Structure formats: structure tokens, C-alpha cells
Amino acid sequence: MLCDHEANKKDWAPMQNGILKLHPYCNKCGTMKNVSSDKGKKISYFVASLSKLRKILEKKGYKISDAQIRLIVKELSKVEGFEDTWWITFSKQKEIFISIVGKYVRVSRDVIESIL
Ligand SMILES: [Zn+2]
């Protein structure tokens, strides 16, 4: 079960740049909240990105089927924590998205990155 995260405690932890900052953490599961500007996005953002990708590729004569889209979205939603914007960063989501899309659609990493 996913934790619905609730915080009223804070603790010192280093930011990505190494500077210590007070981070809120969940008092149920203990997960530290991502307080950087690199914030994760909802799955709907990635679904929208997929239709952008679809349009771009269609112009180049490559068709992505509904089944491919369904499989990608299904696999994304199965990744543990993918939608947990409490801690996940957009960079991390991007990596996951690029590797999963790459499994179903023969397209370069650059093209996938360009639609995010
Ligand atoms: Zn929690």
C-alpha cells in the first residue's frame, strides 16, 4: 500500500548541492520529502507527453498504436514510487520514462527527452 505521507517533523539533511537544509519527513513511513526545485510530476503529464511524441512521429511516418501507449502507461504506473511526488524527482521520472518508452518505441533518447 502506498503511504499517504503526513509530516509534522523536520530533520537536517543535505540538498543535492551538499548544503544542509531542514527537510520535512513523513511521520508514518519516514520518507524524506523532496524539497528541491526538481519536483516530480503526475502520471497525466507523461501521458500528455506520449501523445506529443505520437504526433511528432506520425509526421515522420511512424505510427504508435493505442496498444503501445497502454503498455507504456501500464508499465509506468507499476514502477514503485513513480507517482509518489513526495520524494521522487523529475530527473528520476525522466530516466524511468525514457527507458520504458525506449522498450516499446524505436526512437532515440533525444527525441523522447525533447517532448518532456
Ligand atoms: Zn509516508
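Residues numbered from 1 in each chain as written. Predicted model: local features only at pLDDT ≥ 70, side-chain atom pairs only at ≥ 80, totals over all residues. Heavy atoms only, no water.

**Observations regarding the domain arrangement of the protein**
Next, step 1: According to the domain assignment, the protein contains domain 1 (1-36) and domain 2 (37-114).
Next, step 2: Here the C-alpha centre of domain 2 lies 26 Å away from the C-alpha centre of domain 1.
Next, step 3: Carbon and sulfur atoms supply 53% of the area that domain 1 and domain 2 bury against each other, a total of about 860 Å² over both sides.
Next, step 4: The tally of links between domain 1 and domain 2 comes to zero salt bridges.
Next, step 5: Inspection of the region where domain 1 meets domain 2 yields eight residue pairs in polar contact (both at pLDDT 80 or more).
Next, step 6: In terms of residue class, the side of domain 1 that touches domain 2 is built from six nonpolar, five polar and one charged. (Domains from an automatic or database assignment. Buried area = accessible area lost by both parts, 1.4 Å probe. Salt bridge = Lys/Arg side-chain N within 4 Å of Asp/Glu carboxyl O. Polar contact = N/O pair within 3.5 Å; in protein donor to acceptor, adjacent residues only side chain to side chain. Nonpolar A, V, L, I, M, F, W, Y, C, P; charged D, E, K, R; others polar.)

**Side note on unusual backbone geometry**
Next, step 1: Of note in the backbone geometry, His5 takes a positive phi value of approximately 35° without being a glycine.
Next, step 2: Positionally, His5 belongs in the segment before strand E1 (9-14). (Helix = DSSP H or I, 4+ residues; strand = E, 2+ residues; numbered from the N terminus.)

**With respect to the coordination of the zinc ion**
Next, step 1: Around the zinc ion, the protein supplies Cys3 (SG), His5 (ND1), Cys26 (SG) and Cys29 (SG) as donor atoms, at distances of 2.1 to 2.3 Å.
Next, step 2: Here the zinc ion binds four donor atoms, and the angle range of 103 to 114° at the metal identifies the geometry as tetrahedral.
Next, step 3: Counting residues between consecutive donors of the zinc ion along the chain gives the motif C-x1-H-x20-C-x2-C. Pair noted here: Cys3 is in the segment before E1 and Cys26 is in the loop between strand E2 (20-25) and helix H1 (43-59), with a separation of 23 residues, a long-range link.
Next, step 4: Among the residues examined, Cys3 registers a relative accessible area of 25% and is labelled partly exposed. (Donors = N, O, S within 2.8 Å, 3.2 Å for Na, K, Ca; no water. Tetrahedral: all angles 85-135°; square planar, octahedral: opposite > 155°, others 65-115°. Buried < 20%, exposed > 50% of the residue type's maximum accessible area, 1.4 Å probe, protein only.)

**Some points on the side chain of Ser49**
Next, step 1: Checked against the element boundaries, Ser49 lands in helix H1.
Next, step 2: Overall, Ser49 belongs to the buried group, its relative accessible area being 1%.

**Concerning the side chain of Asn34**
Next, step 1: Residue position: Asn34 is located in the loop between E2 and H1.
Next, step 2: Since its relative accessible area comes to 11%, Asn34 is described here as buried.
Next, step 3: A polar contact is formed between the side chain of Asn34 and the side chain of Ser36, at a distance of 2.7 Å.
Next, step 4: Once you skip the residues sitting within four places of it in the chain, Asn34 turns out to touch Lys39, Gly40, Trp86, Trp87, Ile88 and Thr89. (Contact = heavy atoms within 4.5 Å.)

**Thoughts on the packing of helix H2 (residues 66-78) against helix H3 (residues 90-104)**
Next, step 1: The contact between H2 and H3 brings their axes to 10 Å, and the two run at 145°. The way H2 lies across H3 gives a crossing that is right-handed. Within the contact between the two elements, H2 uses Gln68, Leu71, Ile72, Glu75 and Leu76 and H3 uses Ile96, Phe97, Ile100, Val101, Lys103 and Tyr104.
Next, step 2: Classifying every residue of the contact of H2 with H3 by side-chain character gives eight nonpolar, one polar and two charged. (Axes fitted to C-alpha atoms, helices over the stretch in contact; angles between N-to-C directions. Left-handed = near helix turned anticlockwise from the far one by under 90°.)

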